[in-house]
Amino acid sequence: MSTEEQIQSFRQNYAALREEIGKVIVGHDAIVEGTLIAVLAGGHVLLEGVPGLGKTLLVRTLSEVLDLSFNRIQFTPDLMPGDIIGTNIVREDESGRKAFEFQHGPIFANMVLADEINRATPKTQSALLEAMQENSVSAAGRTHALDQPFFVLATQNPIEMEGTYPLPEAQMDRFFFKLKLDFPDVEQLHLIVDRTTGQKEPAVRRVLQQGEILEMRETARAIPVARPVQDYAIRVTLATHPESSQAHEMSKKYVRFGSSPRGTQALILGAKVHALMNDRVYVSCEDVRAVALPALRHRILLNFEAEAGRIDTDTILDRVLEWVPEPKE
């Protein structure tokens, strides 16, 4: 298949995906788009929102549309790593011989919803995050590869923080995007009630197969990025570092640590997918800006002064994006 045919196929598949997901998911366009960008870029998503806004429904719908296996893990303080990755059990065959056999845990699925990840202990969180980073699971001295594509959507409730274990900054960095789920407006609430309280709930059909998602990933990675656009993404990242000569004034005042190089990688990969989604075969600074908030908001560590003044990372990033100049023609 030629490059032009691959790009055309990507556009058609993406349009079909959005159409099918829209039959079930009401509103949340930015969340659906951000989740699809992460899936197509090969990353994972941390979703912050209060309960009951359709996080589970979103991941389940995605798995049905993409014809992928789906598992949900409800994180609790007593959840152990073995409950996620699996464990060795003793099996007895017909002749009476006993042997250890690895019993796969719920992590062995293409799409995994890690619900309320901050309720589990760091030991359990690290088991999931290792699988996310390595695309494999280690148990009893053996490594078990995870099927591709492998996507984790982890959720956390921003309101109820008592008895939780906040993710360390180094582990937050493993998430490609952090998305914030807002409460639906009046019209969207009417649509939600109409669709979910009738005799028949909306259903979706399979649009893509497993291999087609991997092909779309390869197509997105093949999109070229001009050096000035890449330089713009790097300057946006450096503007979040208080010690950098290119730092924004708000970063110097309110930021302890700026974004890691993974943030720049997320900007470029996300911008490539965003460009293709908008029928372009080149990446522009507009694409970088479109993915900057979800790619960087969880990679910036604020100081006490920012917390006391109720300054959040989104406010700082908005100022940075206004301040960093685009490359000249």
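Higher on the page you've got the structure.
A few points on the structure. Computed from a predicted model, the values in this text were never measured in an experiment.

1. Thoughts on the overall build of the chain
Step number 1: Assigned secondary structure in the chain consists of 14 helices and 11 strands.
Step number 2: Taken over the C-alpha trace, the chain has a radius of gyration of 21 Å; the compact-globule value for 329 residues is 20 Å, and the two agree within 12%.
Step number 3: The 329 residues of the chain split such that 51% are buried.
Step number 4: If you take every contact in the chain between residues at least 6 apart in sequence, the share linking residues at least 24 apart comes to 75%.
Step number 5: Roughly 16,800 Å² of accessible area belongs to the chain as shown, and the carbon and sulfur atoms make up 49% of that amount.
Step number 6: Mean positive and mean negative side-chain charge positions of the chain (35 and 46 charges, respectively) differ by 3 Å.

2. Focus on the sheet that holds strand 2 (residues 70–74)
Step number 1: Taken together, the 5 strands give an open sheet; going across it, the order is 2-5-8-1-9, and neighbouring strands pair in parallel fashion. What marks the edges here is a single partner per strand, and that holds for strand 2 and strand 9 (177–180). Across the sheet, the mean angle from the axis of one strand to that of its neighbour is 20 degrees, orientation sign disregarded.
Step number 2: The pairing of strand 1 (residues 45–48) with strand 9 spans 4 bridges and is parallel.

3. Remarks on helix 11 (residues 261–277)
Along an α-helix, residues three or four apart share an orientation, since each turn contains 3.6 residues.
Step number 1: For helix 11, spanning 17 residues, the distance from its first C-alpha to its last is 24 Å, which sits close to the expected 24 Å at 1.5 Å a residue.
Step number 2: Positioned one or two residues after helix 11, Asp279 has a phi angle of 60 degrees, which is positive.

4. Observations concerning the pairing of strand 4 (residues 98–104)
Sheet faces and side chains relate simply in a regular strand, where the side chains alternate between the two faces.
Step number 1: In this structure, strand 3 (residues 86–92) lies alongside strand 4, joined through 7 bridges in antiparallel fashion. Following the sheet pairing, Gly86 is matched in strand 4 by His104.
Step number 2: Turn length for the strand 3-strand 4 hairpin, with the two strands adjacent in sequence and antiparallel, is 5 residues, and the turn residue Gly96 shows positive phi of about 95 degrees.

5. Notes on the pattern of salt bridges
For side chains bearing opposite charge, pairing can occur when the charged atoms are close.
Step number 1: According to the stated counting rule, one finds 15 salt bridges in the structure shown.
Step number 2: A salt bridge links Lys178 to Glu48, with the shortest nitrogen-to-oxygen separation between them at 3.2 Å. Note that Lys178 is positioned in strand 9 and Glu48 in strand 1, a separation of 130 residues in sequence. For the pair formed by Lys178 and Glu48, the shared burial category is buried.
Step number 3: A salt bridge links Asp67 to Arg206; the shortest N-O distance between them is 3.4 Å. Of this pair, Asp67 sits in the loop between helix 3 (55–66) and strand 2 while Arg206 is found in the loop between helix 7 (186–196) and helix 8 (210–221), placing the two residues 139 residues apart along the sequence.
Step number 4: Here the residues in one salt-bridge network are Asp173, Arg262 and Arg299, joined through shared partners.

6. Some words on the packing of helix 1 (residues 3–22) against helix 3
Step number 1: Direction vectors running N to C along helix 1 and helix 3 enclose 130 degrees, while the axes themselves pass 10 Å from each other. Classified by the angle between their axes, helix 1 and helix 3 sit oblique to one another. The chirality of how helix 1 crosses helix 3 is right-handed. Each of Leu17, Glu20 and Ile21 in helix 1 lies in contact with helix 3, whose residues at this interface are Thr61, Leu62, Val65 and Leu66.
Step number 2: Taken together, the residues of the contact of helix 1 with helix 3 break down into 5 nonpolar, 1 polar and 1 charged.

7. A short note on the pairing of strand 8 (residues 151–156)
Step number 1: In terms of burial, strand 8 is largely enclosed, as 6 of its 6 residues are buried.
Step number 2: Every second residue of strand 8 is oriented toward a common face, with Phe151, Leu153 and Thr155 on one face and Val152, Ala154 and Gln156 on the other, all of them buried.
Step number 3: Alignment of strand 1 against strand 8, held across 4 bridges, turns out to be parallel. Its bridge partner lying in strand 8, Leu47 is registered against Thr155.
Step number 4: Examined bridge by bridge, strand 5 (residues 111–115) and strand 8 share 4 bridges and lie parallel to one another. Pairing of Ala114 across the sheet is with Ala154, part of strand 8.

8. Topic: helix 2 (residues 29–41)
Step number 1: The end-to-end C-alpha distance of helix 2, which contains 13 residues, comes to 18 Å, matching closely the 18 Å that a straight helix rising 1.5 Å per residue would cover.
Step number 2: Most of helix 2 sits inside the fold, with 10 of its 13 residues counted as buried.
Step number 3: Count one or two residues on from helix 2 and you reach Gly42, which has phi positive near 85 degrees.

9. A short note on the packing of aromatic side chains
Step number 1: Inspection of the entire model under this criterion finds 1 aromatic pair.
Step number 2: Ring centres of Phe176 and Phe177 lie 4.8 Å apart, and the angle between their planes is 40 degrees; this geometry places the pair in the tilted category.
Step number 3: On the basis of relative accessible area, Phe176 is assigned to the buried category, the value being 8%.
Step number 4: Positioned above the aromatic ring of Tyr282, the side-chain terminus of Arg280 is 5.8 Å from the ring centre.

Scoring rules and cut-offs
- Residues numbered from 1 in each chain as written.
- Predicted model: local features only at pLDDT ≥ 70, side-chain atom pairs only at ≥ 80, totals over all residues.
- Heavy atoms only, no water.
- Helix = DSSP H or I, 4+ residues; strand = E, 2+ residues; numbered from the N terminus.
- Rg over C-alpha atoms; globule rule 2.2 N^0.38 Å.
- Buried < 20%, exposed > 50% of the residue type's maximum accessible area, 1.4 Å probe, protein only.
- Contact = heavy atoms within 4.5 Å.
- Areas by Shrake-Rupley, 256 points an atom, 1.4 Å probe, with all protein chains shown as cover.
- Lys, Arg positive; Asp, Glu negative; His and termini not counted.
- Charge placed at Lys NZ, Arg CZ, Asp CG, Glu CD.
- Pairing = 2+ DSSP bridges.
- Axes fitted to C-alpha atoms, helices over the stretch in contact; angles between N-to-C directions.
- Expected span 1.5 Å × (residues − 1).
- Salt bridge = Lys/Arg side-chain N within 4 Å of Asp/Glu carboxyl O.
- Parallel < 35°, antiparallel > 145°, perpendicular 65-115°, else oblique.
- Left-handed = near helix turned anticlockwise from the far one by under 90°.
- Nonpolar A, V, L, I, M, F, W, Y, C, P; charged D, E, K, R; others polar.
- Phe/Tyr/Trp six-rings, centres within 6.5 Å; stacked < 30°, edge-to-face > 60°.
- Lys NZ or Arg CZ within 6 Å of the ring centre and 35° of its normal.

Scope: geometric values only; no functional claims are made or implied.
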